[in-house]
Amino acid sequence: MLSSSIYAAKAQRTVNIQNYFNIPQELREMPNWVLWKYEQVGDRQTKIPYQTNGRKAKSNSPSTWTTFEEAVEASANFDGVGWCVPLDGPVYYWGFDADDAIDPDTGEFKTWDNAPVQPEGLLELASYAEITPSRAGFRVLAKCDFPVPSGQHEVAFGPRNPKTGKIPGIEMYCKGRFFTFTGDVVAAAPRNVESRSEQIRALHSRLFPRPERLKTAPKPSSSPSELRPFHFPTEP
């Protein structure tokens, strides 16, 4: 099980604003905050970022972001607060979303079929982790010295779960996105965002193993770069 706090919060669907102050101070000091609301888009609910003035925010437009204090003050009129990932390095904040990873009724980890990494394996990154708003997953946030490789940011391990509305799997982003924050921390995880370049390198290699070789010559493509496997930068 994750933590008894899962059960304590189970009956309370509204956000406990005091939990926001569990968010690492390093992030709270950045003016990268927005608010968000659930909105229906097609046949699914999605999270839309907003400014404190009620206008929509953009995760790639810092002029639409605000401070943590202002976001929390306005949060009663929204479904929660969110944090926009810095657009540039040299330090990259990787967010690992584990979806359909927790049974929201029991707080126990689920088992993903035929997955190279199980949900609890993400906690081996030993960095800040919290339960996501759906309560069916969690997010780990860690710092790294290289960005998420292009085209290698998500992997699914099965079909969408009709009960949670989530596809079991992992998504990874480090820029151009906003992350919802609940402050509902995973008890065993550190309370800070740690630098974990080597651990991230190893985890990503397990999720996206490098092909041994191409057995046949690839056909010409208008995007030849797509045929080249990503190579992590070598250590200095």
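Everything in this summary refers to the structure shown in the same document. Everything numeric in this text was worked out from a predicted model, so none of it was measured.

### Quick word on the sheet that holds strand β8 (residues 169-173)
Within the open sheet, the 5 strands sit side by side as β5-β6-β4-β8-β7. Their pairing is antiparallel. In this open sheet, the two edge strands, each paired with only one partner strand, are β5 (129-131) and β7 (154-156). Each adjacent strand pair in this sheet contributes to an overall mean axis angle of 15 degrees, direction not counted. Where β5 meets strand β6 (residues 138-144), 3 bridges bridge the pair, whose relative direction is antiparallel.

### Here we look at the sheet that holds strand β1 (residues 33-41)
As summarised here, the arrangement of the 4 strands in space is β2-β1-β3-β9, forming an open sheet in which the pairing is antiparallel. Sheet topology places β2 (44-50) and β9 (178-181) at the edges, where each strand pairs with a single neighbour. Neighbour to neighbour, the strand axes of the sheet diverge by 45 degrees on average, direction disregarded. Of the pairings in the sheet, the one linking strand β3 (residues 80-84) to β9 comprises 4 bridges and is antiparallel in character. The residue of β9 that forms the bridge with G82 is T180.

### Digging into unusual backbone geometry
Positioned with a positive phi, A126 is a non-glycine residue whose angle comes to about 55 degrees. Of note, A126 is situated in the loop between β4 (92-99) and β5. The class for A126 is partly exposed, based on a relative accessible area of 27%. If you check the backbone angles, R135 has positive phi at about 65 degrees while not being a glycine. Mapped onto the elements of the fold, R135 is located in the loop between β5 and β6. When its relative accessible area of 11% is taken as the criterion, R135 is described as buried.

### Focus on the packing of aromatic side chains
A full pass over the atoms with the stated rule returns 12 aromatic pairs. Pairing W33 with F68 gives two aromatic rings, centres 5.2 Å apart and planes at 70 degrees, and the pair type is edge-to-face. Of this pair, W33 sits in strand β1 while F68 is found in helix α3 (residues 68-74), placing the two residues 35 residues apart along the sequence. The buried category is assigned to F68, whose relative accessible area is 2%. An aromatic cluster of at least three residues, connected via ring pairs, comprises F21, W33, F68, W83, Y93, Y128 and F181.

### Describing the side chain of T66
Its location among the elements puts T66 in the loop between β2 and α3. In this structure the side chain of T66 is engaged in a polar contact, spanning 2.3 Å, whose partner is the side chain of E70. Excluding residues within four positions of it along the chain, T66 makes contact with M30, P31, N32, W33, T52 and A71.

### Examining the layout of surface pockets
Volume-wise, the largest pocket comes out at about 870 Å³. Forming the boundary of the largest pocket are 29 residues, of which R44, K47, D99, K166 and E171 lie nearest the centre. Looking at the lining of the largest pocket, the elements that each hand over two or more residues are β2, β4, β7, β8 and β9. Looking at the lining of the largest pocket, the element that brings in the most residues is β2, giving 5 residues. Looking at side-chain class alone, the lining of the largest pocket contains 11 nonpolar, 8 polar and 10 charged residues.

Reading the values: the criteria
The residue count restarts for each chain, going from 1 along the sequence in the order it is written. Local features in this predicted model are restricted to residues of pLDDT 70 or higher, and side-chain atom pairs are both shown and tallied only at a pLDDT of 80 or more, whereas totals for entire chains, interfaces and linings draw on every residue. Computation of side-chain values: all heavy atoms of the structure, hydrogens and water removed. Only when DSSP finds a minimum of two bridges between them are two strands counted as paired. In this text, helices come from DSSP runs of H or I with a minimum length of four residues, and strands from runs of E with a minimum of two, each type numbered from the N-terminal end. Between the N-to-C directions of two axes lies an angle of 0 to 180 degrees, each axis being a line fitted to C-alpha atoms and, for a helix, fitted only over the stretch in contact. A 1.4 Å probe rolled over the protein chains alone gives each residue an accessible area, and that area as a share of the maximum for its type sets the label: buried under 20%, exposed over 50%, partly exposed in between. Each Phe, Tyr or Trp ring (for Trp, its six-membered ring) is paired with any other whose centre lies within 6.5 Å, and the angle between the two planes then decides the class: stacked below 30 degrees, edge-to-face above 60, tilted in between. Pairs of N or O atoms are called polar contacts if they sit within 3.5 Å, as long as, within protein, a hydrogen donor faces a hydrogen acceptor (for residues adjacent in sequence, only side-chain-to-side-chain pairs). Should any heavy atoms of two residues lie within 4.5 Å, those residues are counted as being in contact. Think of a 1 Å grid over just the protein atoms. A cavity is a set of points where a 1.4 Å probe fits yet cannot get out, a pocket is an open set with protein on both sides within 12 Å along at least five of seven lines, and lining residues have an atom within 4 Å of a point. Grid points are joined across faces, edges and corners, and a volume is the space filled by probe spheres set on the points. Each residue is assigned to one class: nonpolar for Ala, Val, Leu, Ile, Met, Phe, Trp, Tyr, Cys and Pro, charged for Asp, Glu, Lys and Arg, and polar for all the others, Gly among them.

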